[in-house]
Amino acid sequence: MKYILVTGGVISGVGKGVIASSFGRILKSCNLDVTSIKIDPYINIDAGTFSPYEHGEVYVLDDGAEVDLDLGNYERFLDITLHRDNNITTGKIYKMVIEKERKGDYLGQTVQVVPHITNAIQEWVARVAEKPVKGSSKPQVCIVELGGTIGDIEGMPFVEAFRQFQFRVKRENFCLAHVSLVPLPKATGEPKTKPTQSSVRELRGCGLSPDLIVCRSEKPIGVEVKEKISNFCHVDPDQVICIHDLSSIYHVPLLMEQNGVIEFLNERLKLNIDMSQRTKCLQHWRVLARRTETVRREVNIAIVGKYTKFADSYASVVKAVQHAALAVNRKANLVFIESCLLEHETLQREPSKYHKEWQKLCESNGILVPGGFGARGMEGKIRACQWARENKRPFLGICLGLQAAVIEFARNVANLKDANSTEINPDTPHPLVIDMPEHHKGQMGGTMRLGKRRTIFADKPSTIRQLYGNPKTVDERHRHRYEVNPEYVSQLESFGMNFVGTDVDQNRMEIIELRDHPYYVATQYHPEYLSRPLKPSPPFLGLILAAEDRLQIYIERGCRLSPRQLSDASSDEDETANGVSHSFAALKLQGNKKCTSTSTCTSTDNQCEPLNSLLNGNINGLNANDHTLDNDDDGACGGSRSD
């Protein structure tokens, strides 16, 4: 097993997670099985009780683990399925050690940070690194990201653990990459290397010496800056890599590859990469990055949420919208709308903000209402659902978004005027949304309905089922405490709301649709968690297609994208131009050519086949009975399905 430890400098928030994900993407494109571990040095057991404004979204894994959003980057970049133990926290380590001490496992020893805590960290990393994340094969490389910054007191046990770990696994199996900011003050216009020098000095003082220094900067840094960092940080100039601000994170692996990362890691870790296939590495990722640069036409999607001041609060939702838009050759222009500003109270208190937010909503091509908790902003979400329904604007609700849509429909269509959720009003006469047995009112962490669950489609016409490829069931990830009250389902259906998906016991409502609407879909599950750059989530794809008024054509073609739909023309007349047809044909030919070799398609980069499916006009990527692309029962475009 080979290990790559990624640490951060004296300033956090410089993209360490994307750098770590890019290392994995590069190595996976070189026919290596890669896994990843994220270490968060806080005492929380998991991320379930975090505030979205402090840490961003809570990402949910298949097994129900609530983890840091960086694990979402790993899953999206590497197209793997991580597990609960791939996220280590100080709380988990200490809890495990204390429980062992209480059971007497240490035989009366004085339990200390060194060696007991540090040994527990090393054993955890070594154990999880061997766990398969794609099929049944064991990973060959483990990317470990140490959260926080070097010098933080809470991270010191982990630093000490890896100081010991490098000798435990031997030098040829351990590589350290240090990510540091190189600021460029506007006053001088000169890159400053002192933060990097300081953090490397601190790191070396702890017994760890970096093999690679990844410099994050606003603009590319010159050779003289690299040489200065080299002189003061005890590395060769070729071991100093600059990753400046880029138009898309998909370009980061490409820039790292251009800086010789493959050659360095191959030599440093004895990876035995077949260098004769060197040119094929990242071949299909390069096509994806190029697509992000060539898209010109925008589609405006309004995200009506409660935590819009911090974009990372909806990181997976944002990525899922971007994946779907890119699939149809559109650039997603995301318009964040604070839901509480859509409420009547805001009209009285701050009318200018009220009208400004409503104008943004009205000018959007599609509306997305994501999940959340609590009463604040709920009425604004409900009003957004009402506007989308009455004005036939494409709409997608997720989790709380589904609950808001059901409440709005009950109030304004089914004439249940005081309908509400018991989360908002426990005494409502019409509890359309109720809490579930899993909800423990005295304990917040880990008491929700979490992880991948199966949804069964009803035997009735359904747009969302067609978008999934007409399967009988689909598996998606959940994170919610409340659900639609089944006692009101038949009454709502009599007024035109279709409940087209339920859980396996057919008691819990999972998916709703509205009749006679271009696209009005809401899901209790979170489809954004399984969206991938080359396998967009079907509910999000439907939203984008409906926003572009192309959903019906897409469905009539058997859920395949035509070259015309993939074009970036600004009008129907332009879309028939020969130039578009020729350029698409060339791209399709290029994609097909790259996949004629078995070693290239199945080994060098396993995202190759979904890309060619996209180029060939099949966004689903797999036929109903074709499961050759992914391990287990992974579906073709977001979510796992069963026929």
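Residues numbered from 1 in each chain as written. Predicted model: local features only at pLDDT ≥ 70, side-chain atom pairs only at ≥ 80, totals over all residues. Heavy atoms only, no water.

- Per an unreviewed UniProt entry, the protein carries the name CTP synthase and comes from Drosophila mojavensis.

1. Notes on the overall build of the protein
Piece 1. Per the secondary structure count, the protein includes 25 helices and 22 strands.
Piece 2. Out of the 643 residues belonging to the protein, those deemed buried represent 60%.
Piece 3. Residue pairs in contact within the protein that sit at least 24 positions apart in sequence constitute 72% of those at least 6 positions apart.
Piece 4. Per element, the accessible surface of the protein, about 25400 Å² overall, is 48% carbon and sulfur. (Helix = DSSP H or I, 4+ residues; strand = E, 2+ residues; numbered from the N terminus. Buried < 20%, exposed > 50% of the residue type's maximum accessible area, 1.4 Å probe, protein only. Contact = heavy atoms within 4.5 Å. Areas by Shrake-Rupley, 256 points an atom, 1.4 Å probe, with all protein chains shown as cover.)

2. Notes on helix α10 (residues 261–268)
Piece 1. Within α10, 6 of the 8 residues are buried, which leaves it mostly tucked inside the rest of the structure.
Piece 2. The inward-facing, buried residues of α10 contact β1 (2–8), α1 (16–28), β7 (174–181), β8 (212–217), β9 (240–244) and α9 (252–258).
Piece 3. Of the residues flanking the end of α10, it is lysine 270, one or two places downstream, whose phi is positive at about 55°.

3. Digging into the confidence of the model for the protein
Parts of the model with low pLDDT should not have their predicted coordinates read in detail.
Piece 1. Within the protein, residue pLDDT values average 85, and 86% of them lie at 70 or more.
Piece 2. Contacts of residues 570–636 to residues separated by more than four positions or lying in other chains number 135 contacts, the stretch itself having pLDDT below 50. (pLDDT = per-residue confidence, 0-100.)

4. Details of the pattern of salt bridges
Piece 1. Across all of its chains, the model carries 32 salt bridges by this definition.
Piece 2. Between arginine 330 and glutamate 548 there is a salt bridge, with the nearest N and O atoms lying 2.8 Å from each other. Here arginine 330 is found in the loop between α12 (315–327) and β11 (331–338), whereas its partner glutamate 548 is found in the loop between α19 (538–547) and α20 (551–556), with 218 residues between them in sequence. Across the pair, glutamate 548 and arginine 330 agree in class, each one buried.
Piece 3. Each of Asp62, Glu75, Asp79, Lys134, Lys452, Arg477, Arg532 and Lys535 takes part in one network of salt bridges that share partners. (Salt bridge = Lys/Arg side-chain N within 4 Å of Asp/Glu carboxyl O.)

5. A few points about the nonpolar core
Piece 1. Ile4, Phe23, Leu27, Ile143 and Leu265 are the most contacted members of the largest nonpolar core, which totals 54 residues.
Piece 2. Per-element tally for this core: the top contributor is α1, with 6 residues.
Piece 3. Formed jointly, this core draws a minimum of three residues from each of two domains, domain 1 (2–291) and domain 2 (295–562). (Core = buried A, V, L, I, M, F, W, Y, C linked by side-chain atoms within 4.5 Å. Domains from an automatic or database assignment.)

6. Remarks on the side chain of histidine 251
Piece 1. Along the chain, the position of histidine 251 falls in the loop between β9 and α9.
Piece 2. Judged by relative accessible area, which is 18%, histidine 251 ranks as buried.
Piece 3. Once residues lying within four places of it in the same chain are set aside, the contact partners of histidine 251 are Leu246, Ala289, Thr292 and Glu293.

7. Some points on the packing of aromatic side chains
Piece 1. Summed over all chains, the structure comprises 12 aromatic pairs.
Piece 2. Here a set of aromatic residues connected by ring pairs shows up, and it is made of Tyr3, Phe162, Phe165 and Phe174.
Piece 3. Cation over ring: lysine 194 sits above phenylalanine 232, and NZ or CZ is 6.0 Å from the ring centre. (Phe/Tyr/Trp six-rings, centres within 6.5 Å; stacked < 30°, edge-to-face > 60°. Lys NZ or Arg CZ within 6 Å of the ring centre and 35° of its normal.)

8. Some details on the sheet that holds strand β14 (residues 419–421)
Piece 1. In space, the 3 strands of this open sheet follow the order β14-β15-β18, with mixed pairing throughout. With one partner strand each, in any of the chains shown, β14 and β18 (482–484) form the two edges of the open sheet. In this sheet, neighbouring strand axes are inclined to one another by 30° on average, regardless of whether the strands run parallel or antiparallel.
Piece 2. Relative to strand β15 (residues 430–435), β14 runs parallel, the two being bridged by 3 bridges. From the neighbouring strand, alanine 419 faces β15, where its bridge partner is histidine 430.
Piece 3. Contacts between helix α16 (residues 400–412) and the sheet are confined to β14, β15 and β18, with β14 contributing the most and set at about 165° to the helix. (Pairing = 2+ DSSP bridges. Axes fitted to C-alpha atoms, helices over the stretch in contact; angles between N-to-C directions.)

9. Considering the packing of helix α15 (residues 378–390) against α16
Piece 1. At a minimum axis distance of 8 Å, the contact between α15 and α16 shows a crossing angle of 70°. Relative to α16, the element α15 lies roughly perpendicular. Crossing handedness for the pair α15 and α16: right-handed. For the pair formed by α15 and α16, the contact residues are Met378, Glu379, Lys381, Ile382, Cys385, Gln386 and Arg389 on the first element and Leu400, Gly401, Gln403, Ala404, Ala405, Ile407, Glu408, Phe409, Arg411 and Asn412 on the second. (Parallel < 35°, antiparallel > 145°, perpendicular 65-115°, else oblique. Left-handed = near helix turned anticlockwise from the far one by under 90°.)

10. Remarks on a nonpolar patch on the surface
Piece 1. There is a patch of nonpolar side chains on the surface, built from Tyr94, Ile98, Val113 and Val114 and spanning about 320 Å² of accessible area.
Piece 2. At the level of secondary structure, the elements contributing two or more residues to the nonpolar patch comprise α4 (90–103) and α5 (113–129).
Piece 3. Judged by its relative accessible area of 36%, valine 113 is partly exposed. (Patch = residues over 30% accessible without salt bridge, like charges linked within 9 Å, V, L, I, M, F, W, Y side chains within 5 Å.)

11. Focus: the packing of α1 against helix α3 (residues 70–78)
Piece 1. For the pair α1 and α3, the least separation of the axes is 9 Å and the interaxial angle reads 25°. In terms of their interaxial angle, α1 and α3 are classed as roughly parallel. In the crossing of α1 with α3, the sense of the turn from one axis to the other is right-handed. Contacts between α1 and α3 involve Gly17, Val18, Ala20, Ser21, Ser22, Gly24, Arg25 and Lys28 from the former and Asp70, Asn73, Tyr74, Phe77 and Leu78 from the latter.
Piece 2. Grouping the amino acids of the contact of α1 with α3 by side-chain chemistry returns 5 nonpolar, 5 polar and 3 charged. (Nonpolar A, V, L, I, M, F, W, Y, C, P; charged D, E, K, R; others polar.)

12. Some details on the sheet that holds β7
Piece 1. Strand order in this open sheet of 7 strands is β5-β2-β6-β1-β7-β8-β9, and the pairing throughout is parallel. Two strands in the sheet have a free side with no partner beyond their single neighbour: β5 (87–89) and β9. Across this sheet, the average inter-strand angle for adjacent strands is 20°, counted without regard to direction.
Piece 2. The sheet strands contacting α5 are β1, β2 (34–40), β5 and β6 (141–146), and the helix crosses β2 at an angle near 150°.
Piece 3. Where helix α8 (residues 223–233) meets the sheet, its contacts fall on β8 and β9, and the angle it forms with β9 comes to roughly 135°.

13. A short note on the pairing of strand β17 (residues 473–480)
Piece 1. A large share of β17 lies buried, amounting to 8 of its 8 residues.
Piece 2. One ladder, built from 8 bridges, connects strand β16 (residues 449–457) with β17; its direction is antiparallel. Looking at the pairing, lysine 452 lines up with arginine 477 of β17.

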